[in-house]
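# Report on the structure
Here is what each chain is made of, one letter per residue.
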There are 2 protein chains.
Amino acid sequence: MRAKQPSRDQLTLSEILNALSDPVRIEIVQSIAGVGEQPCNQCGIDMPKSSLSHHFKVLREAGVIATRVEGTRLINSVRSADLNARFPGLLNAILKAARQ
Amino acid sequence: MRAKQPSRDQLTLSEILNALSDPVRIEIVQSIAGVGEQPCNQCGIDMPKSSLSHHFKVLREAGVIATRVEGTRLINSVRSADLNARFPGLLNAILKAARQ
DNA sequence: ACTGATGTTCGAGTGTTCTCGAACGATTCA
DNA sequence: TGAATCGTTCGAGAACACTCGAACATCAGT
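In what follows, the accompanying structure is described. (Residues numbered from 1 in each chain as written. Chains lettered and ligands numbered in written order. Predicted model: local features only at pLDDT ≥ 70, side-chain atom pairs only at ≥ 80, totals over all residues. Heavy atoms only, no water.)

## Observations regarding the state of the cysteines
Residue and element names in this part refer to chain A.
- Applying the stated criterion across every chain yields a total of zero disulfides over all chains.
- Unpaired in this structure, Cys-40 has its nearest cysteine sulfur neighbour in Cys-43, at a distance of 7.6 Å.
- Note on Cys-40: relative accessible area 21%, which makes it partly exposed. (Disulfide = S-S within 2.5 Å. Buried < 20%, exposed > 50% of the residue type's maximum accessible area, 1.4 Å probe, protein only.)

This is how it looks when you write it as structure tokens:
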């Protein structure tokens, strides 16, 4: 959570594509997108939490997901509005491709 | 050129996104897409040819570009038809984002 | 305070990627 | 055949990414 999340105009295509180019991470994003928002441990990926935490960090730093604290949990959501504003159609095209 | 290029149904989202997540490589693809097809040395990137060759190889192996021999040159083109067939809208969304 | 749950951070190990010069192969043209 | 052009391949070095256990911090509830 110490990692800073980029503002809308700091989003870069390279970092976004890099974040989403990892199979584990696109699965995380798909999981979150499917339900709107979700704590880290409910993405359904069987992996040590330190590894998962790493992938969440990459997604966060690329600006793909946002994280807010709720009690003892971190609730994640996809930054659809920011992504669509900065790169219209990109997120949808990628998520659609990931569904196949 | 020894590297095999994936067939249309072997294209994977992760490899495509990974290939396009490098600033040098998306620049190469933009350059090729801008003129249709192009030899390796006309992408306008100032870099040793061994480095450039590496990036072309990554793009080729991800299925983003195709390469054909013409005399002493290798002519590259973007595999738009294959990419659109496999992941509709993806390439356009990425190239559009790259233009900004 | 203590305990349990949720995640982060740290450090180490392993593997992959990027970069570059040098050597090579294929082709063209004289 | 000789020389030039184009691009690949090889090998080495540096940088980076992924994975994991262990330790830590924070919060909630008892």
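## Focus on the sheet that holds strand β2 (residues 65-70) of chain A
Residues and elements named next belong to chain A.
- Taking strand neighbours across the sheet as the criterion, the three strands line up as β1-β3-β2 in an open arrangement whose pairing is antiparallel. Looking along the sheet, the strands with just one partner apiece sit at the ends: β1 (37-39) and β2. If you compare each strand with its neighbour and ignore which way they point, the axes differ by 30 degrees on average.
- As judged from the six bridges shared by β2 and strand β3 (residues 73-78), these two strands associate in the antiparallel manner. Bridging across to β3, Glu-70 finds its partner in Arg-73. (Pairing = 2+ DSSP bridges. Helix = DSSP H or I, 4+ residues; strand = E, 2+ residues; numbered from the N terminus. Axes fitted to C-alpha atoms, helices over the stretch in contact; angles between N-to-C directions.)

## A word on the relation of the copies chain B and chain A
- Placing chain B over chain A gives an RMSD of 0.0 Å and needs a rotation angle of 180 degrees, together with 0.0 Å of translation along the axis. Expressed as an axis order, the relation between the two copies is that of a two-fold axis.
- With an isologous cut-off of 70% or more, the 100% of interface residues of chain B that recur at the interface of chain A puts this contact in the isologous class. (Least-squares fit on C-alpha atoms with pLDDT ≥ 70 in both. Contact = heavy atoms within 4.5 Å.)

## Observations concerning the interface of chain B and chain A
- Every contact between the two is made by 20 residues of chain B and, on the other side, 20 residues of chain A.
- Interface area for chain B against chain A, summed over the two sides, is near 1,400 Å², with a carbon-plus-sulfur share of 66%.
- Between chain B and chain A we count zero salt bridges in total.
- Between the two partners, chain B and chain A, sit two residue pairs in polar contact (both at pLDDT 80 or more).
- Elements with a contribution of two residues or more to the side of chain B that touches chain A: α1 (13-20), α2 (23-35) and α5 (90-99) of chain B.
- The element best represented in the side of chain B that touches chain A is α5 of chain B, accounting for six residues.
- Looking at the side of chain B that touches chain A, its residues break down into twelve nonpolar, five polar and three charged. (Buried area = accessible area lost by both parts, 1.4 Å probe. Salt bridge = Lys/Arg side-chain N within 4 Å of Asp/Glu carboxyl O. Polar contact = N/O pair within 3.5 Å; in protein donor to acceptor, adjacent residues only side chain to side chain. Nonpolar A, V, L, I, M, F, W, Y, C, P; charged D, E, K, R; others polar.)

## Some remarks on the environment of Ile-26 of chain A
- Note that Ile-26 of chain A resides in helix α2 (residues 23-35).
- Under the relative-accessibility criterion, Ile-26 of chain A is labelled buried at 8%.
- When the C-alpha atoms of Ile-26 of chain A and Leu-59 of chain A are compared, they prove to be 9.2 Å apart, with 33 residues separating the residues in sequence.
- Residues in contact with Ile-26 of chain A, not counting those within four places in the same chain, are Leu-20, Ile-94 and Ala-98 of chain A together with Leu-13 of chain B.

## Re the sheet that holds strand β3 (residues 73-78) of chain B
All names here are of chain B.
- Strand order across the open sheet formed by three strands is β1-β3-β2, with antiparallel pairing between neighbours. Strand pairing shows two members of the sheet lacking a second neighbour, β1 (37-39) and β2 (65-70), which therefore form its edges. Mean inter-strand twist for the sheet, computed between neighbouring axes without regard to direction, equals 30 degrees.
- Here helix α3 (residues 49-62) sits on the sheet in contact with β2 and β3, set at roughly 115 degrees to β2.

## As for the protein's contact with DNA strand D
- Around DNA strand D sit 21 residues, and of these His-55 of chain A together with Lys-49, Ser-53, Arg-60 and Leu-74 of chain B come closest.
- Among the atoms of DNA strand D close to the protein, meaning within 4 Å, 69% are from sugar or phosphate groups.
- Residue His-54 of chain A places a side-chain N or O atom 3.1 Å away from a phosphate oxygen belonging to DNA strand D.
- One nitrogen or oxygen atom from the main chain of Asn-41 of chain B is found 3.1 Å from a phosphate oxygen belonging to DNA strand D.
- Listed by contribution, the elements that provide at least two residues to the surface near DNA strand D are α3 (49-62) of chain A together with α3 and β3 of chain B.
- Considered class by class, the residues forming the surface near DNA strand D number six nonpolar, nine polar and six charged. (Near = heavy atom within 4 Å.)

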